[in-house]
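# Architecture and fold: a report
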Amino acid sequence: MLLNAVISGKLKVMENFQEQLKNRRTFAIISHPDAGKTTLTEQLLLHGGVIREAGTVKGRGSHKLASSDWMAIEQQRGISVTSSVLQFDYDGKRINILDTPGHEDFSEDTYRTLMAVDSVVMVVDAAKGIEPQTKKLFEIVAQRGIPVFTFFNKIDRDARPALDLMDELETVLGIQAYPMNWPVGSGQILQGIYDLQKNAMVPFKNATAHPEIIDETMDEIELLHDAGNTFDQDAIAHGQLTPVFFGSALVNFGVTEFLREYLTYAPAPAAMKTVDDEVITPDRTQFTGFVFKIQANMDPRHRDRIAFVRIVSGEFNRGMDVVLQRNSKKLKLSNVTQFMAEERENVQNAVPGDIIGVYDTGNFQIGDTIYAGKKTVHFPDLPTFTPELFNRVIAKDVMKQKSYHKGIEQLVQEGTIQLYKSWQGSDYIIGAVGQLQFEVFQFRMENEYNVEIQFEPIGSKVARWISPEQLDEKMASSRNQLVRDRYDQPVFLFENRFAMNWFHDKYPDVVLEEKM
């Protein structure tokens with residue numbers, strides 16, 4: 001009897017685990033800046049009952065700020081410069097949204113975030129169509145072959161013809177598109193959207209009747225039926241066909257229809273390959289996960305540091321022991337949270353697809369693998385981008401050296417900027433993909449670490465890594481400065497590509513490495 005009870009109990013635990021696994025949906029939202037990504041995120045949170053009203057980045061006068069933009073500089077400028085992790089329940093599903101930075105200077109943070117999701121929602125301004133940052137981010141998503149759901153936003157304003165937008169989507173991004181609904185007008189003559197799944201009109205509130213617009217739309221819909229793509233769920237699952245939705249996040253129109261269909265066709269957590277090409281499936285009993293983001297000072301009162309972990313397999317239970325693959329260090333995961341932007345709560349257990357925040361005292365690096373048990377697991381490292389702009393950084397007040405060094409160390413560990421030191425001296429040089437990263441770095445040093453800094457511009461450089469075995473310090477010159485990265489690896493900062501080509505000609509056997 002006792003044995004039967006134990007077996008029965010274990011079966012119930014397994015069934016509960018499988019049920020939770022099936023109900024997880026983890027996705028990122030990508031877009032060009034100001035396409036309405038953060039506003040859509042707010043409306044999804046509103047649907048999940050997490051917030052009572054959506055704070056829009058346009059609503060500073062009424063003191064409404066976006067819940068996903070938790071950092072002070074984001075709220076001041078109305079931009080997203082860091083990834084937020086937001087979780088809520090809706091219609092029996094547990095949804096994890098990763099709201100990514102819209103600004104291109106922070107595309108490295110976005111890239112890492114895209115490694116931690118199972119699908120992507122692409123928000124496009126219906127008046128502007130596919131913009132450069134959207135195209136760049138889509139190329140990253142396409143490499144992974146994960147489902148992409150497209151939301152053409154702002155149809156309550158004058159928008160481009162829907163057929164033109166669909167054509168541009170397919171032509172510019174090279175993905176087939178299938179409309180799930182269709183706009184009936186836009187801007188002041190917006191009548192609503194036509195739900196192509198239910199063959200029903202969803203009227204726009206307070207719309208002025210324009211029967212001719214409805215007639216034109218029905219002609220377009222007939223054309224779509226005759227000449228459009230065929231709905232193919234397998235093609236959606238492999239990122240070859242994108243379901244397309246129209247709506248307006250700002251006025252919460254079309255969002256419910258989008259969320260309903262997204263939950264119908266978006267995938268549950270997927271398997272992931274290790275560096276040895278072993279496939280780790282979510283239902284594997286061994287707990288595994290990887291760190292895709294580190295964030296300092298999410299709570300200014302405590303000056304904490306959080307490592308964001310995507311669970312790949314097994315079940316997390318509070319207090320469990322894990323191994324940090326990089327150095328085989330054993331860690332106990334006791335202080336772990338889940339998020340609603342800067343709001344957080346302690347978590348007792350979590351399953352694949354969930355994002356957990358592990359309080360970190362300096363153990364973790366971006367890309368780290370953690371696992372439970374004796375079988376070693378190593379997921380592929382997350383790539384870093386090669387910086388293009390460089391500044392020498394100096395503390396204005398020499399009496400604040402401790403806070404200065406701590407601030408630089410923690411912000412560099414987040415991966416937002418990259419740190420270098422002069423080869424022979426102790427000068428700090430920071431590298432970034434874009435200028436805004438320097439501004440955010442300076443803002444956070446002053447506001448979070450109370451240290452005023454100044455930059456000495458070094459300008460645009462071509463950074464290339466060289467193996468210590470091939471390095472001869474005499475290779476350095478005024479045209480290629482020798483520095484060391486945060487791991488003490490040698491790096492040349494070339495004045496330009498001509499200087500790098502000259503170096504290649506002079507040292508043809510030397511291998512120079514570029515990051516992404």
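So, here's what we can say about the structure. (Residues numbered from 1 in each chain as written. Predicted model: local features only at pLDDT ≥ 70, side-chain atom pairs only at ≥ 80, totals over all residues. Heavy atoms only, no water.)

### Topic: the overall build of the protein
Rule in force here: Helix and strand definitions follow DSSP, with helices as H or I runs of at least four residues and strands as E runs of at least two, each counted in order from the N terminus. Burial status follows relative accessibility: with a 1.4 Å probe on protein chains alone, a residue under 20% of its type maximum counts as buried, one over 50% as exposed, and anything between as partly exposed. Whether two residues touch is decided by their heavy atoms; if any such pair falls within 4.5 Å, the residues are in contact.
Along its length, the protein carries 12 helices and 30 strands. The buried share among the 516 residues of the protein stands at 54%. For the protein, the proportion of contacts with a sequence separation of at least 24, taken over those separated by at least 6, is 69%.

### Some thoughts on a nonpolar patch on the surface
Defined as follows: Two joining distances apply to patches: 9 Å for like charges and 5 Å for nonpolar side chains (Val, Leu, Ile, Met, Phe, Trp, Tyr), and every residue must have over 30% relative accessible area and no salt bridge. Using a 1.4 Å probe, the Shrake-Rupley method yields the accessible areas, and only the shown protein chains count as cover for residues. By definition, a salt bridge exists where a carboxyl oxygen of Asp or Glu is found within 4 Å of a side-chain nitrogen of Lys or Arg.
On the surface, a cluster of nonpolar side chains totalling about 220 Å² of accessible area is made up of Met201, Ile214 and Met218. Within the secondary structure layout, Met201 lies in strand 9 (residues 200–203). Looking at Met201, the relative accessible area reads 34%, which means it is partly exposed.

### Considering the environment of Asp91
In this fold, Asp91 is placed in the loop between strand 2 (84–90) and strand 3 (93–99). Overall, Asp91 belongs to the exposed group, its relative accessible area being 63%. The sequence separation of Asp91 and Leu259 amounts to 168 residues, and the corresponding C-alpha distance is 9.8 Å.

### Some remarks on a negative patch on the surface
Rules: For the charge count, each Lys or Arg is scored as positive and each Asp or Glu as negative, with His and the chain ends excluded. Charge placement uses NZ in Lys and CZ in Arg. For Asp and Glu, CG and CD serve respectively.
On the surface, Glu212, Asp215, Glu216, Asp219, Glu222 and Asp226 cluster together into a patch of negative charge. The residue Asp215 is located in helix 7 (residues 211–227) in this model. The exposure class assigned to Asp215 is partly exposed, which follows from its relative accessible area of 49%.

### Structural notes on helix 11 (residues 435–448)
Which entries qualify depends on this criterion: By this rule the span expected of a helix is its residue count minus one, scaled by 1.5 Å.
Between its first and last C-alpha, helix 11 extends 20 Å over 14 residues, near the 20 Å set by a 1.5 Å rise per residue. When we look at burial in helix 11, the residues that qualify are Leu436, Gln437, Phe438, Val440, Phe441, Phe443, Arg444, Met445 and Glu448. Positioned one or two residues after helix 11, Asn450 has a phi angle of 55°, which is positive.

### A look at the pattern of salt bridges
A full pass over the atoms with the stated rule returns 22 salt bridges. In this structure, Glu168 and Arg160 form a salt bridge, with 3.2 Å as the shortest nitrogen-oxygen distance. Classification of Glu168 as buried rests on a relative accessible area of 18%. Exposure remark for Arg160: the relative accessible area of 28% places this residue in the partly exposed category. Of the charged contacts, one joins Arg260 and Glu261 as a salt bridge, the two residues approaching to 3.2 Å between their closest N and O atoms. Judged by relative accessible area, which is 27%, Arg260 ranks as partly exposed. When salt bridges that share partners are traced, they join Asp195, Arg260 and Glu261 into one network.

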